[in-house]
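Reading the structure
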Amino acid sequence: MTSSFVENLMASVIARNPQEPEFHQAVREVAESVEMVIAREPQLARSKVLDRLVEPERQIMFRVPWVDDRGEVQINRGFRIEFSSAIGPYKGGLRFHPSVYLGIIKFLGFEQIFKNALTTTPIGGGKGGSDFNPKGKSDDEVMRFCQSFMSELFRHIGPDTDVPAGDIGVGGREIGFMFGQYKRLTNTFTGVLTGKGLGWGGSLARTQATGYGLVYFVTRMLQDRGTDWKGKRVVVSGSGNVAIYAAQKAQQLGAKVIAVSDSNGYIVDEAGIKVETVQRIKEVERGRIREYADEHASAKYVEDWQGIWSIPCDIALPSATQNEIDEEAAEKLVANKCIAVGEGANMPSTPEAIKVFQDNGVSFGPAKAANAGGVATSALEMAQNSMRINWTFEEVDRRLKMIMDAVYDQCTSAAEAYGAKGDLVSGANIAGFLKVARAMMAQGVV
Ligand code: NDP
Ligand code: 2IT
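Only a predicted model underlies this, so the values are computations on that prediction, with no experimental measurement involved.

Re the site of ligand 2
Around ligand 2 sit 14 residues, and of these Lys91, Lys115, Asp167, Arg206 and Ser378 come closest. For ligand 2, an oxygen atom lies 3.0 Å from a polar atom in the side chain of Gln112. Within the side chain of Asp167, a nitrogen or oxygen atom sits 2.9 Å from a nitrogen atom of ligand 2. Contact with the protein chains hides 94% of the accessible area of ligand 2, taken as 290 Å² for the molecule alone. Of all elements in the fold, only β3 (90–96), α5 (102–118) and α15 (372–387) reach the threshold of two or more residues within the shell around ligand 2.

Some points on the nonpolar core
Residues Phe110, Phe217, Trp229, Leu317 and Phe433 are the most contacted members of the largest nonpolar core, which totals 91 residues. Look past the residues within four positions of Trp229 in its chain and what remains in contact with it is Val215, Val218, Thr219, Leu222, Val234, Ala250, Leu253, Gly254, Ala255, Ile315 and Leu317.

Re the site of ligand 1
Taken together, 27 residues sit near ligand 1, with Asp167, Thr210, Ser263, Arg288 and Asn346 positioned nearest. Contacts to ligand 1 include Asn241, whose backbone N or O atom sits 2.9 Å from an oxygen atom. A distance of 3.2 Å is found between an oxygen atom of ligand 1 and a side-chain nitrogen or oxygen belonging to Lys282. Elements with a minimum of two residues in the shell around ligand 1: α8 (206–224) and α9 (241–252). Considered class by class, the residues forming the shell around ligand 1 number 5 nonpolar, 14 polar and 8 charged.

A look at the pairing of strand β2 (residues 73–84)
Direction of pairing for strand β1 (residues 58–67) relative to β2: antiparallel, over a ladder of 10 bridges. From the neighbouring strand, Arg63 faces β2, where its bridge partner is Arg77. The antiparallel pairing of β1 with β2 creates a hairpin that spans 5 residues between the two strands, and Gly71 there sits at a positive phi of about 90°. Taken together, the 6 bridges between β2 and strand β4 (residues 125–130) define a ladder with antiparallel strand orientation. Looking at β4, one finds that Ile81 is bridged to Lys127.

Re the packing of α8 against α15
The N-to-C vectors of α8 and α15 enclose an angle of 145°; their axes lie 7 Å apart at closest approach. α8 and α15 meet at a crossing whose hand is right-handed. Counted together, Arg206, Ala209 and Thr210 of α8 and Gly373, Gly374, Val375, Thr377, Ser378 and Glu381 of α15 form the full contact between these two elements. Taken together, the residues of the contact of α8 with α15 sort by class into 2 nonpolar, 5 polar and 2 charged.

Topic: α9
Spanning 12 residues, α9 covers 17 Å between terminal C-alpha atoms, matching the ideal 16 Å at 1.5 Å per step. Counting buried positions along α9 yields 9 of 12 residues, so the element is predominantly enclosed. Along α9, the residues classified as buried are Val242, Ala243, Ile244, Tyr245, Ala246, Ala247, Gln248, Lys249 and Ala250. Positive backbone phi, at 100°, marks Gly254, one or two positions downstream of α9.

The rules behind the values
Residues numbered from 1 in each chain as written. Chains lettered and ligands numbered in written order. Predicted model: local features only at pLDDT ≥ 70, side-chain atom pairs only at ≥ 80, totals over all residues. Heavy atoms only, no water. Near = heavy atom within 4 Å. Polar contact = N/O pair within 3.5 Å; in protein donor to acceptor, adjacent residues only side chain to side chain. Areas by Shrake-Rupley, 256 points an atom, 1.4 Å probe, with all protein chains shown as cover. Helix = DSSP H or I, 4+ residues; strand = E, 2+ residues; numbered from the N terminus. Core = buried A, V, L, I, M, F, W, Y, C linked by side-chain atoms within 4.5 Å. Buried < 20%, exposed > 50% of the residue type's maximum accessible area, 1.4 Å probe, protein only. Contact = heavy atoms within 4.5 Å. Nonpolar A, V, L, I, M, F, W, Y, C, P; charged D, E, K, R; others polar. Pairing = 2+ DSSP bridges. Axes fitted to C-alpha atoms, helices over the stretch in contact; angles between N-to-C directions. Left-handed = near helix turned anticlockwise from the far one by under 90°. Expected span 1.5 Å × (residues − 1).

Here it is as structure tokens:
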């Protein structure tokens, strides 16, 4: 159902941001969810809260020149979109992937506003990155790129202004190189980035946080259906940071994780995926997931990464990239009796796929709620940095669990309050929006 409210907003967003379909997709979903909130509170319409939110507070695009190992000059494009500082300093990851362009960073930054609001921690929304491809590059090349990237970015960020972190293609190695360059340029040792190494300001459990948090969130979805992880067949797409720790926690809770993937293909291992092997191949050797099948006779490799959704499973945790589950993939999951989908990646399900899940009684945990544990733990890293202390793993994990429970509770109660009981998509959008909207109203037209 489309309304004139949503269509008018979308017409303006599309005209002002042409050729950015992912950004349009993210805005439309939020607009559809919050339409009735704005209808109930005319002052939200009068102060044009949503019209202001879809326009980033600041957009930075810059040249990133660097020299490769052959001595050739390479030029990439850098981005940082500072979307909303209504409830705290801009906060969100950096993505290094050849598919990155303005529309990807804007969809991620827009979603980040509401996700961060749901975490209960005081962080605004932002996102950045580059079309740089770290794959196949030497450590020296990655270092030179990161140093060049930070040589421009440093003037726009700061521990009380904008605090970047990792995302696709940006992990501990890249954060280290960027932190080193920031420190050198500013002569300050601060919590300007999160996801730092444990010996130099990082937080225990940040590496695990997105995947673990996702599983804590899905635990609540399963509880609402009167069930749990024990004996469930789980398919996790991706084999990066989010996928690895989602698989690990699901196994700890008694699930059988049978498949993971990368951008080339997937492996299915009916004996249960050995997470340690995936970790070594992907985190240490920076190899390809097909190598897993060379080591485990029970595993089979299939070179068709989206084919992973045709594997029969009880629970699906898409944790690779946007729009990886389309309508057809969703229909396959439903036909195979999947009962729950928890989004580890950002916007991994198309709007058509979400409709298939919701129409068929599949419990659906949307990204901005289900994967909020990563950025929430980044906020815990910022808190520890400000206090100049380190909490134990158990302490951070305890807080992460509390936060994921709070995220879940906010989503379910907002959905119920607005007549959409059980719809976590509407619930997440409404609860996140209201927190940001109230702050914007209090702070005047800025
Ligand atoms: P990583 O770079 O660690 O891993 C990404 C994984 O997804 C890899 O297996 C990669 O395969 C695969 N992948 C990436 N792009 C594509 C693509 N276009 N098509 C198919 N497969 C792809 O990233 P993360 O695990 O950190 O991020 C995964 C998702 O989770 C992203 O959507 C990210 O935005 C989201 N997220 C991450 C958080 C974090 O804290 N890191 C927090 C919240 C959400 P390959 O190795 O072949 O590239
Ligand atoms: O999408 C995300 O929430 C992240 N990539 C994590 C951001 C962060 O600042 O930790």
